[in-house]
Amino acid sequence: AQSVSQHNHHVILSEAASLELGCNYSYGGTVNLFWYVQYPGQHLQLLLKYFSGDPLVKGIKGFEAEFIKSKFSFNLRKPSVQWSDTAEYFCAGDFNGDKLIFGTGTRLQVFP
Amino acid sequence: DAGITQSPRHKVTETGTPVTLRCHQTENHRYMYWYRQDPGHGLRLIHYSYGVKDTDKGEVSDGYSVSRSKTEDFLLTLESATSSQTSVYFCATTGGGPSNTGELFFGEGSRLTVL
């Protein structure tokens, strides 16, 4: 069955540190991949998406992600985090065109 | 923000009672989804709809039913609520399916507590 896994459940960083959150998926076919963010008390918002083409995709607020097909991975990165990046981050995959399967999420805390 | 409204936003109920959550959208989006969010589980898809009267099951559909009689409304019903259904429920919509638009628009969530 198709699935998305996030192995970092809780990440704590200081401001200006670099960030990388892991995301792996399980599926042998074509997949579209997404990262969503949920700020405290808010609903989910799209950060970035990968459909095809350049495996390095850039999103809002300085985030980027790299699709590595051989590793079934789509890790999220940011070179320098800010306190305002404190949120929960969800990786998601679309495996058949009509619904998203989400990972379990990674809670990021950034301290000043 | 997309015009997605969930009601009620908060509800406390007792085990065995029926509960209906409503999702209303003003975007004329074709696809609508119900997810539940639980600590350690992320978001799990309950049911979704790809058109009026067209629905399908998600990962965790047992104990839930849905109905979509018109484009703008998608109802989630718990026929007999159990404590395991205590959760935050999110409705989401998209115009052409995740592959076409790449973005789901989420409602504010409905927090349900089953005692």
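Structure first, text after, so check above.
Notes on the structure in this doc start here.

Scoring rules and cut-offs
- Residues numbered from 1 in each chain as written.
- Chains lettered and ligands numbered in written order.
- Predicted model: local features only at pLDDT ≥ 70, side-chain atom pairs only at ≥ 80, totals over all residues.
- Heavy atoms only, no water.
- Helix = DSSP H or I, 4+ residues; strand = E, 2+ residues; numbered from the N terminus.
- Rg over C-alpha atoms; globule rule 2.2 N^0.38 Å.
- Buried < 20%, exposed > 50% of the residue type's maximum accessible area, 1.4 Å probe, protein only.
- Contact = heavy atoms within 4.5 Å.
- Lys, Arg positive; Asp, Glu negative; His and termini not counted.
- Charge placed at Lys NZ, Arg CZ, Asp CG, Glu CD.
- Pairing = 2+ DSSP bridges.
- 1 Å grid on protein atoms, 1.4 Å probe; cavity = no way out; pocket = protein on both sides within 12 Å on 5 of 7 lines; lining within 4 Å.
- Points joined across faces, edges and corners; volume = space filled by probe spheres on them.
- Salt bridge = Lys/Arg side-chain N within 4 Å of Asp/Glu carboxyl O.
- Polar contact = N/O pair within 3.5 Å; in protein donor to acceptor, adjacent residues only side chain to side chain.

Right, let's get into the overall build of chain A. Helix and strand counts for chain A stand at zero helices and twelve strands. Listing every helix and strand of chain A by position from the N terminus yields β-β-β-β-β-β-β-β-β-β-β-β. Since a compact globule built from 112 residues should have a radius of gyration of about 13 Å, the 13 Å found for chain A is in line with a globular shape. Dimensions along the principal axes, computed over C-alpha positions, put chain A at roughly 40 × 25 × 20 Å. Looking at chain A as a whole, 49% of its 112 residues are labelled buried. Contacts in chain A between residues far apart in sequence, at least 24 positions, make up 54% of those at least 6 positions apart. With 9 positive and 9 negative side-chain charges, chain A shows a spacing of 1 Å between the two charge centroids.

One face of the sheet, then the other: side chains in a regular strand alternate in exactly this way. Residue and element names in this part refer to chain B. Taking every second residue as pointing to the same face, the buried face of strand 11 (residues 110–114) carries S110, L112 and V114, while none of R111 and T113 on the other face is buried. Relative to strand 11, strand 2 (residues 10–13) is paired through four bridges, and the arrangement is parallel. Looking at strand 11, one finds that K11 is bridged to L112. Both strand 9 (residues 87–94) and strand 11 contribute to a ladder of three bridges, which runs antiparallel. Within strand 11, the position partnered with V88 by the bridge is R111.

Let us now look at the layout of surface pockets. When its volume is computed, the largest pocket comes out at roughly 590 Å³. For the lining of the largest pocket, the secondary-structure elements that each account for two or more residues are strand 10 (87–94) and strand 12 (106–111) of chain A together with strand 4 (31–38), strand 9 and strand 11 of chain B.

Two side chains carrying opposite charge are able to pair once their charged atoms lie near each other. Following the criterion strictly, the structure yields eight salt bridges over all chains and no others. Residues R22 of chain B and D73 of chain B are paired through a salt bridge, measuring 3.1 Å at the closest nitrogen-oxygen approach. Of this pair, R22 of chain B sits in strand 3 (residues 19–25) while D73 of chain B is found in strand 8 (residues 73–78), placing the two residues 51 residues apart along the sequence. Judged by relative accessible area, which is 8%, D73 of chain B ranks as buried. Here D38 of chain B makes a salt bridge to R44 of chain B, at a shortest N to O gap of 2.9 Å. The network of salt bridges with shared partners includes K58, E64, E66 and R77 of chain A.

Residue and element names in this part refer to chain B. As for its position among the elements, R68 is in strand 7 (residues 64–70). A polar contact of 3.0 Å, which involves the side chain of R68, links it to the backbone oxygen of H29. At 2.9 Å, the side chain of R68 and the side chain of S49 are in polar contact. Setting aside chain neighbours within four positions, we find R68 in contact with Q25, H29, R30, Y31, M32, S49, Y50, G51, V52, K53, D73 and F74.

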